Amino acid sequence: MRGLSSGGFSEVYLALDSHDRKYAIKEYLPRDMVGRSDLGDVTVLNELDREVFKLGLKCFFEEARILAGIHHPNVVRVSNFFRANQTVYMVMEYADGRSLARELELGGGRMPEARLRKLFAEVIAGLDEVHKQHLLHLDIKPGNIYLRRNGSPMLLDFGTARQVAREVQFATAMITPGFAAPEQYNNGEPLGVWTDIYGLGASMYLAMGGGRLPAATDRVRQDTLPPASQLFAGKYSPQLLQLVEQCLAPAASARPRSLGLIREQLMASYQEVSPQATAGRWPRWLAALCRKKSR
Ligand SMILES: Nc1ncnc2c1ncn2[C@@H]1O[C@H](COP(=O)(O)OP(=O)(O)OP(=O)(O)O)[C@@H](O)[C@H]1O
Ligand SMILES: [Mg+2]
């Protein structure tokens, strides 16, 4: 067994079963609250954190239980879950691949429109299935969209533990600025499908080459986020740009009403942005040569 990743709430290990099949095992480990005994048991460091730890543990377990019942190609497959070492473990199908965040880093940060549409339509299909089980994700971002070798995406890292932590006022420690919606900052507004829609919008914006997004709380005070339709004009179809802008609306009521609507728009036919529109980025002589050749 070896470590795959370690985050604020958990540790992920790569493990093999007796038939040498690979699994990713995720351990509930809220780093700020716990230590580990010599025997490997997870121990709460401060007695005052015990209740929160237990609540998170219960939710991690519940999340594993719900995910184990979801069989969808775009949601990580949970095959088992169990308690040990005073914590909880979730056994997942191991997928060979990398996160969308890594893919964007390697690919120069800008995804072509056709690929972006297809990928997010699949992510939404998975997310919809999860919402049907009354579970919100609450941390949709390129780091939690995992791409298998064949390019098909699956959602990782669901947020029930976060949801609970939010209720006990730990919110800001658990959210990812730039991707979290304003209502995730305890502003009194309810969370819902619309909250995950904001994360989708932010992820698509990033996949277009949008760089770092300001925190939603800053946007509410003074919005410095360049609208997608300005920043990426001529690089993506106006319909897609408008869709991303709507998903990223600070007011939940201004975002698209359902995942189905977004998916429909992503899968609709659209006018490819013509090479002339992007030709400005090429040296003039090269653009001229291409035009001559295509005559
Ligand atoms: N099923 C899996 N197959 C392959 N790799 C995985 C799998 N699950 C997780 N990983 C690896 O572990 C990384 C982190 O996983 P995940 O997003 O679930 O946890 P996390 O971000 O550490 O969680 P948290 O934010 O709750 O601490 C992924 O980016 C991926 O590299
Ligand atoms: Mg993650």
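The structure this text deals with has already been given above.
The following refers to the structure shown. Please read all numbers here as calculations on a predicted model, not as lab measurements. (Residues numbered from 1 in each chain as written. Chains lettered and ligands numbered in written order. Predicted model: local features only at pLDDT ≥ 70, side-chain atom pairs only at ≥ 80, totals over all residues. Heavy atoms only, no water.)

1. Topic: the sheet that holds strand β2 (residues 10-16)
The five strands are arranged β1-β2-β3-β7-β6 in an open sheet whose pairing can be described as antiparallel. Across the chains shown, the open sheet's two edge strands, defined by having one partner strand only, are β1 (2-6) and β6 (78-84). Within this sheet the neighbouring strands show an average axis-to-axis angle of 25°, counted without direction. As defined by bridge partners, β2 adjoins strand β3 (residues 22-28) across seven bridges and the pair is classed as antiparallel. Among the inter-strand pairings, Leu-16 is bridged to a residue of β3, identified as Lys-22. Contacts from helix α1 (residues 50-68) reach β3, β6 and β7 (87-93), with the element oriented near 155° to β6. (Pairing = 2+ DSSP bridges. Helix = DSSP H or I, 4+ residues; strand = E, 2+ residues; numbered from the N terminus. Axes fitted to C-alpha atoms, helices over the stretch in contact; angles between N-to-C directions. Contact = heavy atoms within 4.5 Å.)

2. Some words on the sheet that holds strand β8 (residues 97-99)
A sheet is described by the order of its strands in space; here three strands give the open sequence β8-β9-β10, paired in antiparallel fashion. Both outer strands of the open sheet, β8 and β10 (153-155), are each paired with one neighbouring strand and no more. On average, adjacent strands in this sheet sit at an angle of 30° to one another, irrespective of strand direction. When β8 meets strand β9 (residues 145-148), the two strands line up antiparallel, connected through three bridges. Bridge assignment links Arg-98 to a residue of β9, and that residue is Leu-147. Contacts from helix α3 (residues 113-132) reach β9 and β10, with the element oriented near 35° to β10.

3. What to know about the packing of α3 against helix α9 (residues 259-267)
Axis separation between α3 and α9 bottoms out at 9 Å; the angle between their running directions is 160°. By the angle class used here, α3 and α9 are roughly antiparallel. Once α3 is placed against α9, the crossing between them reads as left-handed. Along its contact with α3, which presents Arg-117, Phe-120, Ala-121, Ile-124, Ala-125, Leu-127, Asp-128 and His-131, the element α9 presents Leu-259, Ile-262, Arg-263, Gln-265, Leu-266 and Met-267. Per-class residue counts for the contact of α3 with α9 are nine nonpolar, two polar and three charged. (Parallel < 35°, antiparallel > 145°, perpendicular 65-115°, else oblique. Left-handed = near helix turned anticlockwise from the far one by under 90°. Nonpolar A, V, L, I, M, F, W, Y, C, P; charged D, E, K, R; others polar.)

4. Concerning the pattern of salt bridges
Within this structure, the stated rule accounts for 19 salt bridges. Of the charged contacts in the structure, one is a salt bridge between Glu-11 and Arg-31, with a shortest N-O distance of 2.8 Å. A residue pair is termed long-range when its members are at least 10 positions apart, and Glu-11 in strand β2 and Arg-31 in the loop between β3 and β4 (34-36) qualify at 20 residues. Judged by relative accessible area, Arg-31 falls into the partly exposed class, the value being 36%. With a closest N to O distance of 3.4 Å, Asp-218 and Arg-221 form a salt bridge. Within this pair, Asp-218 and its partner Arg-221 are both found in helix α6 (residues 216-221), separated by three residues, close to a single helical turn. Judged by its relative accessible area of 36%, Asp-218 falls in the partly exposed class. (Salt bridge = Lys/Arg side-chain N within 4 Å of Asp/Glu carboxyl O. Buried < 20%, exposed > 50% of the residue type's maximum accessible area, 1.4 Å probe, protein only.)

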